[in-house]
Amino acid sequence: MLSCRDLRKSYVTERGAVTAVDGIDLDVEAGRFAAIIGRSGSGKSSLMAMIGGLSRPSGGTVTVDGTDLWSLGDDGLAGFRNGRIGFVFQFASLLPTLRLVDNVALPAMLGGTAVDAAIYGKAATLLARLGLGGHLDAYPSEVSAGEQRRAAIARALINDPALLLADEPTSDLDEQTEIEIMDELLAVNREQGTTLLLVTHNLALAEQAEQIVHIAGGRIVA
Ligand code: ADP
Ligand code: MG
């Protein structure tokens, strides 16, 4: 369901070009849980951003569910990303002026501004499943970091993505909260068959994956 071919990313900086991703070939089958591990600076986030349609590759291709992501136009890419790919980021990424339920509903409302009862119902159901049923009307600053991350997962799931990308989603949280959040991500993978690609520093966690991808210097290493 996910296929990267000779994927590359270089950044132009004042000190010259930096190669972050240096020719990656990667295949992940539908419904799998794949973990990406590697040291800080090895290119993991750059790779995830290209797979997620957030950062244009310098070379190579990303194919998700048969669609060559970066051959789409801007509108097509935005639509595909919003509808098919869920992204959970490393740090809090909720909009602070919106309630949790609004944050979760938002990706389903793009293109329309009317408050849609069905969308809000689904947002409430997702938040409840993630243990936040009592916090629908709370603002992000009113809940804990772990609860914010749960809400970010709910937001990533509102459009039933085929591919869920999580880039060190728990690295800033305490150990117990990390376990709880990871259990939620694994449950989505197992119960809904959502393909899960997770970047983690946590080896114990990576060992639970069906596929482990080691990255060093922008390449896959054995
Ligand atoms: P990781 O997520 O594994 O820590 P990154 O993909 O964030 O790795 O970074 C890989 C390399 O690319 C690093 O050397 C980093 O400094 C560089 N890099 C990442 N983003 C940028 C950017 N926006 N501009 C310039 N260099 C960047
Ligand atoms: Mg990173």
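Shown above is the structure to which this text applies.
Predicted model, so just to flag it, every value in this text is computed and none were measured.

Thresholds applied
- Residues numbered from 1 in each chain as written.
- Chains lettered and ligands numbered in written order.
- Predicted model: local features only at pLDDT ≥ 70, side-chain atom pairs only at ≥ 80, totals over all residues.
- Heavy atoms only, no water.
- Near = heavy atom within 4 Å.
- Polar contact = N/O pair within 3.5 Å; in protein donor to acceptor, adjacent residues only side chain to side chain.
- Areas by Shrake-Rupley, 256 points an atom, 1.4 Å probe, with all protein chains shown as cover.
- Helix = DSSP H or I, 4+ residues; strand = E, 2+ residues; numbered from the N terminus.
- Nonpolar A, V, L, I, M, F, W, Y, C, P; charged D, E, K, R; others polar.
- Pairing = 2+ DSSP bridges.

Asks: Let's hear about the site of ligand 1: which residues, and what values?
Replies: The environment of ligand 1 is formed by Tyr11, Thr13, Ala20, Arg39, Ser40, Gly41, Ser42, Gly43, Lys44, Ser45 and Ser46. Contact distances for ligand 1 include 2.7 Å between an oxygen atom and a side-chain N or O atom of Lys44. Contact distances for ligand 1 include 2.8 Å between an oxygen atom and a backbone N or O atom of Ser45. When ligand 1 sits alone it has 550 Å² of accessible area, and the protein chains cover 61% of it. Only β1 (2-13) and α1 (44-51) provide two or more residues apiece to the shell around ligand 1. Among the elements that make up the shell around ligand 1, the one with the highest residue count is α1 (three residues). Residues that form the shell around ligand 1 fall into these classes: two nonpolar, seven polar and two charged.

Asks: Explain the pairing of strand β2 (residues 16-28) to me, using residue names and the numbers behind them.
Replies: The pairing of β1 with β2 spans 10 bridges and is antiparallel. By the bridge assignment, Arg8 is partnered in β2 with Asp22. Counted between consecutive antiparallel strands, the loop separating β1 from β2 contains two residues.

Remember that the coordinates give geometry; whether it matters functionally is a separate question.
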